[in-house]
Amino acid sequence: MPLASESVRLSPTVSYRQQADIAVLWLDNPPVNGLGDTTRAGIHAGLKRAIEDESVVGIVVAGSGKVFCGGADIRQFNTPAATAWPLSRDVQQLIEASRKPVVAAIHGVALGGGLELALGCHYRVVAHDARLGLPEVNIGLVPGGGGTQRLPRLVGVERALDMIQSGAPVTGKAAVRIGLADAATEGAEETRDAGEVVALAVEFCRQAVISSSAHPLVAAREVQGSSVDFDARLASVSRKSRNAAAQRACILCVKAATQLSFGDGLAFERARFDELVAGSESQSLRHIFFAEREAPKFSDGKGATLRDIHRVAVLGAGTMGVGITMSFVNAGIPVTLVEREQAALDRGMAWIRRNYDVTASKGKLTPAQIEERIALIAPSLEFDALADADLVIEAVFEDMAVKQEIFERLDKVCKPAAILATNTSRLNVDVIAASTQRPGDVIGLHFFSPANVMKLLEVVRGKASSLDVIATCLAIAQRIQKVPVLVGVCEGFVGNRMLTPYWREAGFLLEEGASPQQVDRALSAFGMAMGPLTMADLAGMDINWATRKRLAPTRPAHLRYSRVADRICEKGRFGQKTNGGYYRYEPGSRTPIPDPVIDELIAACAREAGIVRRTISDEEIVERCMLALINEGAHILEAGIAQRASDIDVVYVHGYGFPAWRGGPMFYAETLGLDKVLARIRALRDEHGAHWEPAPFLGRIVSSGARTFDRKN
Ligand code: NAI
């Protein structure tokens, strides 16, 4: 008997190698050994071969590279490959019929279909730091390969339900503790490949052959009685959750495991999976899942040498400076925080500590970790303290003259090759860059408030920004766990630029007869995290007022203009911070209270504009506000301000509370049908005027017969 045979390829993504009397099937489908059609076929062929080969007594399934298996190949969903024989259940049936033990050797991750494959095996041997979970719910699905039926049989109903409904993984160590795995590697070292766990699994497999002739099947176990109140669980799923339908289906599947036979439970699970995978919630969540991964890609920057970022400096310890500083130190990157006044610096540092204390009070940080993070911050009043930073982020007042002066000084003080970034939310990055002798090193990094929480980062590419600066910023953004989107220079970049027509339409609807609360209620019911007027009150109406005043000279006279927002600001009402905006607020409270003063102000604006107010439906509110976003998004694509329509979706989902389960405004437009969207925009133009002129790009896409913005199919 050979000690180790040559490796044999059984499919493009699976190979077979015999280690003495144990066959090892290696999944080899980078990057995560996804269970696409060829991988399933390879595993099936390998199992058959090993079962039939008399020199083999047991089988180990393992993953090449960094992980065991990241799950199904999501890109194959809704394609023929997803349903090509053999399915996961065929693989599991073969394992369950095998008299030779089959052991999953798990390192890195066993997620989704990967864990389901392992659950179909007789035994699971894991690396201590592996992560095992069923995250399907995050993309709007239930596990579709028996996970909801097998996991409760192995770890109990309650624990299985928690794992399946939340999608949260457990570590290898924890997996042994809860009965999900049979053995784990020792040690505290990070596992880099399958070597150790496969050696352990091979040994485990041999022992199993010696000690038992009947190997345990998860499917044959009884589901232990549970005290889970499934109805209460169902009722507690928030309607606002991005994946509410999937969460409910997960609960029903686990409930089915407690009531139906294993086979009927599998059929129940499969039916839920099939419904969800074809439904709009999951399609939208899958779109956003891919869009997030696509957004940091920047083909012009391929091959660019990234600049080293060891130390960051943040200028200004206000709202944004504080959050930006925390984002970097949370990732272990030291920050020099520079202010011009001691009081502002002290306030900023105290704010940071308070934020960390709140996190600690939720049990998410220890006092020692807080001190470690704060020790990474070097507060300073000296501008020269910026000199040794590799990346400087300016977050001072939104005033062009102030920013220009600061960048002139940065140019003199900062070391060569430092990246000079501005966090401006609307100012022209090219003009800021021009105040330095090194515009190629200047870029916009537009964080969102609160910057330590919000995942979105608009990376604003100036016309002179060099490719390595852009590529470095996209990479550092990911290092600090942000979702970066590359955007070009224009008024408001992508996110805020689209807000302008969105808010404008909300203002028109107010004049035409809606109340602030009706507008907000309609858009919240659509799924927005908050309505546009509540959002304006939260963001501060003064900022947009200043922008409108700045842009007033360039506003075309023939376009309709609502004075509602200006009139509110003229009363000194800027939103929550002045206890009044579109709504009024009790001191210290963030709860918007409808205000008759504002109703009267809106009615007066309508009278002046000669508008006869009427009853407005919620549908009209949603349609007009959404089409305003979509049309501006199409203008943005046409101008090349965003690389892809899906980038705009990422901006809106991560920065503006757009419901992920609708996929973002551009994906939503595609689900409505771009031809229908264009027809409605044209109808609105005929009814309401030239501000509804459709983006020429949208017209061209529709005439080309394409159904999506990015892929011209
Ligand atoms: P802020 O008023 O809270 O903070 C600005 C800080 O900069 C103050 O602490 C001030 O003392 C300090 N500062 C001013 N001049 C300075 C100088 N020469 N040297 C050092 N420190 C100086 O302002 P906030 O809200 O943090 O905004 C900062 C920038 O971020 C602005 O450009 C703003 O447009 C942008 N931004 C703001 C967002 C928000 O929601 N607040 C969102 C995204 C961007």
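Note that residues are indexed from 1 along each chain, following the sequence as it is written. Local features in this predicted model are restricted to residues whose pLDDT is 70 or higher, and side-chain atom pairs enter the listing and the counts only when it is 80 or higher, whereas totals over whole chains, interfaces and linings include all residues. Each side-chain value is worked out from all heavy atoms of the structure, with water and hydrogens disregarded.

Draft legend 1. Quick look at the overall build of the chain. Check the secondary structure of the chain and you find 28 helices and 18 strands. Throughout, radius of gyration means the C-alpha value; the globule benchmark is 2.2 Å times the number of residues raised to the power 0.38. Over its C-alpha trace the chain gives a radius of gyration of 29 Å, about what one expects of a compact globule, namely 27 Å for 713 residues. Its C-alpha atoms give the chain principal-axis dimensions of roughly 90 × 60 × 50 Å. Each residue is assigned to one of three classes by its accessible area relative to the maximum for its type, calculated with a 1.4 Å probe on protein chains only: buried under 20%, partly exposed between the two thresholds, exposed over 50%. Looking at the chain as a whole, 55% of its 713 residues qualify as buried. A contact between two residues is defined here by any heavy atoms of the two lying within 4.5 Å. Intrachain contacts of the chain at a sequence separation of at least 6 include 72% that bridge at least 24 residues. Of the accessible surface of the chain, which amounts to about 29,800 Å², a share of 53% is contributed by carbon and sulfur atoms. Residues scored as charged are limited to Lys and Arg (positive) and Asp and Glu (negative), so that His and the chain ends carry no count. Charged groups are reduced to one reference atom each: NZ for lysine, CZ for arginine, CG for aspartic acid, CD for glutamic acid. Across the chain, the 81 positively charged side chains and the 82 negatively charged ones have centroids separated by 2 Å. By the criteria applied, helices consist of DSSP H or I runs no shorter than four residues and strands consist of E runs no shorter than two, each listed in order from the N terminus. Throughout, the Shrake-Rupley method with a 1.4 Å probe supplies accessible areas, and for residues the shown protein chains are the sole cover considered.

Draft legend 2. Representation of the sheet that holds strand 11 (residues 312-315). Pairing between strands is defined by DSSP: at least two bridges between the two strands are required. Spatial ordering of the open sheet is given by 13-12-11-14-15-16-17-18, a layout of 8 strands whose pairing is mixed. Strands at the two margins of the open sheet, each flanked by one partner only, are strand 13 (377-380) and strand 18 (483-488). On average, each strand axis in the sheet is inclined to that of its neighbour by 25°, with strand direction left out of account. Where strand 12 (residues 335-338) lies against strand 13, 4 bridges are found, and the strand directions are parallel. Angles here are taken between N-to-C directions and fall from 0 to 180 degrees, while the axes themselves are lines fitted to C-alpha atoms, restricted in helices to the stretch in contact.

Draft legend 3. Inspection of the pattern of salt bridges at higher detail. In the sections that follow, a salt bridge refers to a side-chain nitrogen of Lys or Arg positioned within 4 Å of a carboxyl oxygen of Asp or Glu. Inspection of the entire model under this criterion finds 40 salt bridges. A salt bridge links Glu 275 to Arg 272; the shortest N-O distance between them is 2.7 Å. Note that Glu 275 and Arg 272 are positioned in helix 10 (residues 262-278) at a spacing of 3 residues, about one turn of the helix. Where Glu 394 meets Lys 403, a salt bridge forms, and the shortest distance between an N and an O atom there is 2.7 Å. For the pair Glu 394 and Lys 403, one class covers both residues: buried. Linked by salt bridges that have partners in common, Glu 505, Glu 511, Glu 512, Arg 560, Arg 614, Glu 620 and Arg 624 make up one network.

Draft legend 4. Highlighting the side chain of Ser 15. With respect to the element layout, Ser 15 can be found in strand 2 (residues 14-19). The class for Ser 15 is buried, based on a relative accessible area of 8%. Ser 15 has contacts with Ser 7, Val 8, Arg 9, Leu 10, Val 24, Leu 25 and Trp 26, leaving out every residue within four places of it along the chain.

Draft legend 5. The site of the ligand, seen in detail. Taken together, 22 residues lie around the ligand, and Met 320, Glu 339, Glu 398, Lys 403 and Ser 425 are the ones closest in. By the criterion applied in these results, polar contacts are pairs of N or O atoms within 3.5 Å in which, for protein atoms, one can donate a hydrogen and the other can accept it, and in which residues neighboring in sequence qualify only through two side-chain atoms. Between Ser 425 and the ligand, the recorded distance is 2.8 Å, taken from a side-chain N or O atom to an oxygen atom. Against a free-state accessible area of 840 Å², the protein chains account for coverage of 80% of the ligand. Sorting the residues of the shell around the ligand by element identifies helix 12 (319-330), helix 15 (400-413) and strand 16 (442-447) as the ones contributing at least two each. Here the shell around the ligand is composed, by residue class, of 10 nonpolar, 8 polar and 4 charged. Throughout, near means a residue has at least one heavy atom within 4 Å of the molecule or strand. Gly counts as polar in this scheme, as do all residues outside two lists: the nonpolar Ala, Val, Leu, Ile, Met, Phe, Trp, Tyr, Cys and Pro, and the charged Asp, Glu, Lys and Arg.

Draft legend 6. Focus on helix 21 (residues 541-551). By the burial criterion, the buried members of helix 21 are Met 541, Asn 544, Trp 545 and Thr 547. Down the axis, helix 21 shows its buried residues gathered within 160° of arc, on one side only. Looking at the buried side of helix 21, the elements it contacts are helix 18 (495-512), helix 20 (532-539) and helix 22 (564-570). The arc in question is formed by the directions pointing from the helix axis toward the C-beta atoms.

Draft legend 7. Geometry of the packing of helix 4 (residues 147-155) against helix 9 (residues 244-259). Two elements in contact, helix 4 and helix 9, have axes whose closest approach is 9 Å; the angle formed by their N-to-C orientations is 60°. Between helix 4 and helix 9, the crossing angle belongs to the class labelled oblique. Seen from above, helix 4 lies across helix 9 with right-handed handedness. Note on element contacts: helix 9 touches helix 4 through Cys 253, Val 254, Ala 256 and Ala 257, opposite Thr 148, Gln 149, Pro 152 and Arg 153. Across the contact of helix 4 with helix 9, the residue classes break down as 5 nonpolar, 2 polar and 1 charged. Oblique is the label for any angle not under 35 degrees, not over 145, and not in the 65 to 115 range, which are roughly parallel, roughly antiparallel and roughly perpendicular in turn. Note on convention: the crossing is left-handed when the near helix lies turned anticlockwise from the far helix by less than a right angle, right-handed when the turn is clockwise.

Draft legend 8. Geometry of helix 19 (residues 516-526). Taken together, the buried positions of helix 19 are occupied by Pro 516, Gln 518, Val 519, Asp 520, Ala 522, Leu 523 and Phe 526. Those residues of helix 19 that are buried lie in contact with helix 18, helix 20, helix 23 (596-608), helix 24 (618-638) and helix 26 (665-672). Where helix 19 ends, the next residue or the one after it, Gly 527, has phi of about 130°, a positive value.

Draft legend 9. Focus on the environment of Ala 522. By the element assignment, Ala 522 lies in helix 19. Judged by relative accessible area, which is 5%, Ala 522 ranks as buried. Separated by 100 residues in sequence, Ala 522 and Val 622 have C-alpha atoms that sit 6.5 Å apart. Residues in contact with Ala 522, not counting those within four places in the same chain, are Asp 618, Ile 621 and Val 622.

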